[in-house]
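# Analysis of the macromolecular model
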Amino acid sequence: MASRRNSASSSRGMSTPQTSCLLKSRLSQRFTPRRFTPYWRTPQSRRVATAVQSTKGRRKAVPTKSKNGSDSSADSADLKGFIDKTWRVYKLSPLYKFSTAPKDLKRYGQLLSSCVEAANQKITIVESNASGKAFFCVQKELQNSKDDPAAIQILIKGRKATANTDSILLTATLCGVEMEDNLLNPEVKEHFTYYPILLVKSTVALTDVLITWLQRHFDCKISPLIFPPVHLAWMIAMWSGGLANSKRKNKPVELVYQVPSECEGIKKITYSIEADDCLRVWNSIHDTREDIFTEEEMTTFIASMEEHFYSLFRIKLNAMQLSCVGTALCYIGREGLLKIYSAEHVICILRHLTELSVEHFMLNM
Amino acid sequence: MSSAVEDKNIKDAIEYFVKEEKIKKKGNVQLSLALKTIDDVSRIKGLSAEDIISLIGVAASGCHGNDISCKLIKCLIPASVFPVRAVELAISYMCTSIPSNKVQAMLLRLLIAVFDYIEKKNVFQKLGYLLFYFIENTMLTPYICHLLSLLTRREDVRLFRVRRLLELQTKLGSQPYIIGLLSTYKLYFPNLVSIVIPSTRKQFFPTRDRQWCSLIREVQDQNQAADTAHMKSSLELSEKLRATESSIMHGPAKRRKVDPIPVIHCSSSKLTVKLSSRLAAMLEERPIPFVQIPDIGTLLRNPVNVELPSQIGAALRSPLFQCFMSYCADLPMTCRFSYWLQDTLCQELLDSTITPACFPRIESILEKLIEFSEFIQEGIPVVDQVLFLYLHVWNGLDFRPQVFRLVTRCRLYPFSVLNENILEPLRKLFVRTSVFIKCQVIMSLTQLLRNYATVEIPRYHQKSSEAKPRVCVFEDTAEVLDPLSTVQELIHFLDRLCTVGLTLENNHSLLLHFTLNFTEWVSESYVRYGLPFVYLPSRHITKAFLSDNALGPARLCGVTQSYKRNCQLLREDISSNKIESPHFNQKDTVHSLNILILDLCDTLWRKKAFTHGRIDSYFYFEPGHVDIEANDGLSLYLHQAFLPFSVLFLKETQPQENIGHPMGIKEYRVLFAEFLQREHIDEIRNFILNTFMRYRKSISD
């Protein structure tokens, strides 16, 4: 084990043994037929943020072009609710006997309200005694292809002690964007509804209440969607170029590396680059006409960033773990934190998260 | 006093209360006499049903004032049963605003006290929820809660009632009686009542009327003659409910936070009682919530009507539910379980944030999973998938016993899949760890082989041949594979692994033991498990022969014997066309087996270890490389493993002063073999009897 780790870090890789195997195998893949990706196999190419759907991708072609292209202004207005909020991302197993009929959604709302009320008595979640009221509703704007389940928005409203009006205590969204049709066993399909991701914005206590409630009622398991460094590397590589055609002033591209615990006094290194500089690198690596981003391009992109840092500061970033990445599109943390900045890219980001969550799920198949 | 006089007295007394318009309270002798009579009679033998009905009308109407009403109510001790008409009267008077709060409270206390003796309880249950409207009355709340918690049926639990109670709790603060009623509700619908019931409080409703209750019981005990069957059943029911309640209360309230396995709870996945199910409930066809099933007998009586727990993952906690699952599992149920299990296991095992603090928890999940797997006698496909991933990142230390046991329960896969996901990681572990882990690897893979031979292959054939709908709890994706070739390749892999291990560990005797276990298993593949092939071990088998432990050569003889039996049986069956075996190359196998048998004979018995002249022997050396005298070196009596036995043999048979040299045993080999058998090394003699004697006989013929 030890010898492999050394060789990995000396050649190219990150500090944990897992990722070192991962990246090493990524590089040496051409030579060995077997790859050792510890958790699951990541695809060799992914779709880029800006690109329209193509049939070359790993996935089936889904007719989204018109939606993404022409109505994008209408869409992005609807999706304003997603931006500039810090979400926590969770992955779910299929929900048993979940129904999106308005009658049922109303009933779920009542049940969740009473659950919040009960939790309220145990510990003060809602700041005053006024109880939280829960609402379930269908969020149409997230449904991007015909196979997607109807996205569900969950709101819990309550009154704070100081304010006179109700405020929103919890916002959550159950969704899956551009999913494939055949994820569930066809024999049991009518019993289950599969939402790959759940976004929640609330306090920890209230989030716990919601998750416990969902788990109990729909016999599912909800766990945080964790992004290993290699996934973060993918995201930054794909999305740094995503601002190519947006006019406004862009946020800088940011990479946060966790310093190994052996180095005392320093915990993380934040590496931020002007978006335009980053775009230049991106353009030189990636052919803008091409809408598929390959694994090779991803490795090259990350390596060039890290090499640049090394030439300036003599610090090998590739020996550290990537823990957060930020682009003009969004900011994503390792532990499932997400903040979206650009309304036009909400669908694209959620699509990618859906893909990642489905990759987890596909183990089963 | 004779009973006739007594009867008349009480009649008069009741008459007095019923008839009299206005009763003067102060200094009224007739009043006090009448009260005394009723009190006495009720204390001694209880009141008859008619008396109770007429008195309760008087008392509940409160027409003679609170004091008299309360005193009368105290006297309403039933002789046998408490008439349901009296209950109806009491409730209807309560619903009018005639009686005062005090009388209402008293009536409630009465109903609680005589609850077990009320004759038609279902009527009472139907009426009882009228009382819910009094719940806001602070004076009555404790009694109402107590009574309702006794009365509540499944269909009585409604969301608005729960809300009302919760609101009340916010108003009054946390009161034991409200929590008591809520806990009863929670028993039926845990999804409606998400409040945590404190496990410390066991008594929600302390009885204030202990004396009264014991008095009623005494009177009842005296009047045993009355039919008590219906009471018994209701007493039993309340007993049972209390038991479930306590089991729920003592349930893992704190542990649940960290333990990902859900507790079994009775709510169905249907969220509330819908109208249709209420109708069904009235028609007495409601499904029984799983949590209320006490034992397997009840389960088997009505398996169709069982309502599944809302979180199937709870199966790992409840052996009873495991029985149920193996008895009638359907696809949605196993899917729910698989989905839950996959995400839970992934989170527990593959999450990079595992700290040693979580180990006991994960260990217990794995243990429960193994238990379940053993119970249903099959591997769970999802577990295999997670295991495949986990083995690639496994450090070989964490949860080792559990991981190895999960490996032994692996399902049948094409060998390439098995090799990539299980054998390859285990091989890596094997070559770089100590001999003890090597032994574990060999052992668990041998057990995997056994599992394949005894469980998985028969099931595979069953599934493919008869097209039965279900032969296992967890259906795996029907993959066409050749189970025999998987097993053969696995044996081949294991055989090579043994060779490498023995070389690395310098023929460690413990490892040798496990290798021989494996070889013994393989040697019986057809005789015991019906696998139509013979796989002869590679050359590492000679290491067993050359070991300095007597068991090595002895077990080798045993193995050879059973190979021979295996071969013979297979040959017979093939020639009589019982089976087909494309994998069995008869000529080569028999030839190699003969080499082994001849080698053993030559070395142990015939003193021709190196001069037999067979080029393909295991002990073939170029002529001249070995001294002729060495021929004797591996004989039975000179072999390093048997030397101690030789000396022992000599000591027993020869005079003490000169026991001589083991070489002397040469002529008494037969005796020596018998001596070894006495020392529990049977295989040598059996081998020689079965091969060599016959061989020699055939020569002499």
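Residues numbered from 1 in each chain as written. Chains lettered and ligands numbered in written order. Predicted model: local features only at pLDDT ≥ 70, side-chain atom pairs only at ≥ 80, totals over all residues. Heavy atoms only, no water.

### So, the overall build of chain B
For the record, the criterion: To qualify as a helix, a DSSP run of H or I must reach at least 4 residues; to qualify as a strand, a run of E must reach at least 2; elements of each kind are numbered from the N terminus. Residue burial is assigned from relative accessible area. The probe radius is 1.4 Å, only protein chains are included, and a residue is buried under 20% of its type maximum, exposed over 50%, and partly exposed in between. It only takes one pair of heavy atoms within 4.5 Å for two residues to be counted as in contact. Throughout, the Shrake-Rupley method with a 1.4 Å probe supplies accessible areas, and for residues the shown protein chains are the sole cover considered.
Helix and strand content of chain B: 30 helices and two strands. In chain B, which comprises 701 residues, the share counted as buried stands at 52%. Expressed as a percentage of contacts within chain B between residues at least 6 apart in sequence, the contacts between residues at least 24 apart total 73%. Surface exposure of chain B reaches about 32,700 Å², of which carbon and sulfur atoms provide 54%.

### Quick look at the environment of B:I597
All names here are of chain B. Considering the arrangement of structural elements, one finds I597 in helix α27 (residues 586-604). Judged by its relative accessible area of 11%, I597 falls in the buried class. In this structure the C-alpha to C-alpha distance between I597 and F687, which are 90 residues apart in sequence, comes to 9.3 Å. In contact with I597, other than residues within four places in its own chain, are T560, K564, F687 and T691.

### Notes on the nonpolar core
Keep this limit in mind: Only buried Ala, Val, Leu, Ile, Met, Phe, Trp, Tyr and Cys residues count toward a nonpolar core, and they belong to the same one when joined by side-chain atoms within 4.5 Å.
Core analysis: the largest hydrophobic core is formed by 135 residues, its most contacted members being B:F337, B:L445 and B:I684. Among the elements that line this core, the one with the most residues is helix α21 (residues 435-466) of chain B, at twelve residues. A:I154, B:L110, B:V114 and B:C213 belong to the second largest nonpolar core, which has 116 residues in total.

### Structural notes on the side chain of B:S338
Residues and elements named next belong to chain B. Position of S338 among the secondary structure elements: in helix α16 (residues 331-350). With a relative accessible area of 11%, S338 lands in the buried category. Those residues within four positions of S338 in sequence are excluded, and the remaining contacts are V382 and F474.

### Topic: the packing of helix α8 (residues 141-151) of chain B against helix α10 (residues 176-188) of chain B
All names here are of chain B. The cut-off we apply is this: Interaxial angle, 0 to 180 degrees, is taken between N-to-C directions of lines fitted to C-alpha atoms, where a helix line uses only the stretch in contact. These descriptions rest on fixed angle ranges, namely under 35 degrees for roughly parallel, over 145 for roughly antiparallel, 65 to 115 for roughly perpendicular, and the rest for oblique. With the far helix as reference, a near helix turned anticlockwise by less than a right angle produces a left-handed crossing, and one turned clockwise produces a right-handed crossing. Nonpolar residues are Ala, Val, Leu, Ile, Met, Phe, Trp, Tyr, Cys and Pro. Charged residues are Asp, Glu, Lys and Arg, and all others, Gly as well, are polar.
Direction vectors running N to C along α8 and α10 enclose 20°, while the axes themselves pass 9 Å from each other. Judged on the interaxial angle alone, α10 and α8 are roughly parallel. Remark: the crossing between α8 and α10 carries left-handed chirality. Judged by residue contacts, T141, P142, C145, L148 and S149 of α8 engage Y177, I178, L181 and T184 from α10. In terms of residue class, the contact of α8 with α10 is made up of six nonpolar, three polar and no charged.

### Comments concerning helix α7 (residues 229-239) of chain A
Where burial is concerned, most of α7(A) is hidden: eleven out of the eleven residues are buried. Residues of α7(A) that are buried: A:P229, A:V230, A:H231, A:L232, A:A233, A:W234, A:M235, A:I236, A:A237, A:M238 and A:W239.

### Things to note about the pattern of salt bridges
Residue and element names in this part refer to chain B. Keep this limit in mind: Salt bridges are defined by distance alone: a side-chain nitrogen of Lys or Arg within 4 Å of a carboxyl oxygen of Asp or Glu.
By the definition in use, this model includes 27 salt bridges over all chains. E88 is the partner of R85 in a salt bridge, and the nearest nitrogen-oxygen pair spans 3.1 Å. Here the residue R85 and the residue E88 both occupy positions in helix α5 (residues 84-95), the gap between them amounting to three residues, near one helical turn. The class of R85 is partly exposed, set by a relative accessible area of 43%. For D599, the salt bridge identified is with R614, shortest N-O distance 3.0 Å. Pair noted here: D599 is in helix α27 and R614 is in the loop between α27 and α28 (643-653), with a separation of 15 residues, a long-range link. D599 sits in the buried class, given a relative accessible area of 2%. The network of salt bridges with common partners includes E378, R411, E456 and R459.

### What about the confidence of the model for chain B?
Residues and elements named next belong to chain B. Test applied: Every residue gets a pLDDT, meaning the predictor's confidence in that residue, from 0 to 100.
When pLDDT is averaged along chain B, the result is 81; 88% of the residues meet or exceed 70. Confidence drops under pLDDT 50 across residues 225-230; counting only partners more than four residues distant or on other chains, this segment forms four contacts. The model gives residues 242-257 a pLDDT under 50, and that stretch makes 16 contacts with residues more than four places away or in other chains. Taken over the whole predicted complex, pTM reads 0.70, whereas the ipTM for its chain interfaces reads 0.80.

### Observations regarding unusual backbone geometry
Residues and elements named next belong to chain B. Residues other than glycine seldom take positive phi values, yet N507 does so here, at roughly 55°. Tracing the backbone through its elements, the reader meets N507 in the loop between α22 (483-504) and α23 (509-523). Residues other than glycine seldom take positive phi values, yet H680 does so here, at roughly 70°. You can see H680 is positioned in the loop between α29 (669-678) and α30 (682-700). For H680, a relative accessible area of 68% translates into the label exposed.

### Observations concerning the packing of helix α18 (residues 381-393) of chain B against helix α19 (residues 400-408) of chain B
Residues and elements named next belong to chain B. For the pair α18 and α19, interaxial distance at closest approach is 11 Å and the crossing angle is 130°. In terms of their interaxial angle, α18 and α19 are classed as oblique. Crossing geometry of α18 relative to α19 is assigned as left-handed. Contacts between α18 and α19 involve V383, L387, Y390 and L391 from the former and V403, L406 and V407 from the latter. Tallied by class, residues from the contact of α18 with α19 come to seven nonpolar, no polar and no charged.

### Quick word on the packing of aromatic side chains
So the rule is basically this: Between 30 and 60 degrees the pair is tilted, below 30 it is stacked and above 60 it is edge-to-face, where a pair is any two Phe, Tyr or Trp rings, Trp via its six-membered ring, whose centres lie within 6.5 Å. Two limits define a charge over a ring: the Lys NZ or Arg CZ must be within 6 Å of the ring centre, and within 35 degrees of the ring normal.
Tallied over the entire structure, the rule returns 30 aromatic pairs over all chains. With 5.7 Å between their ring centres and 40° between their planes, B:F337 and B:F474 make a pair best called tilted. One end of the pair, B:F337, is in helix α16; the other, B:F474, is in the loop between α21 and α22, with 137 residues separating them in the sequence. Taking the relative accessible area as the measure of exposure, B:F337 reaches 0% and is therefore buried. An aromatic cluster is defined as three or more aromatic residues linked by ring pairs; in this entry it consists of A:F98, A:Y108, A:F136, A:Y195, A:W213 and A:F218. The residue whose ring lies beneath A:R314 is A:Y310, and the NZ or CZ to ring-centre distance is 5.2 Å. The ring centre of A:Y96 lies 3.8 Å from the NZ or CZ of B:R336, which sits over that ring.

### Brief notes about the confidence of the model for chain A
Confidence in the prediction of chain A, expressed as mean pLDDT, is 75, and 72% of residues score 70 or more. Confidence drops under pLDDT 50 across residues 1-39 of chain A; counting only partners more than four residues distant or on other chains, this segment forms 66 contacts.

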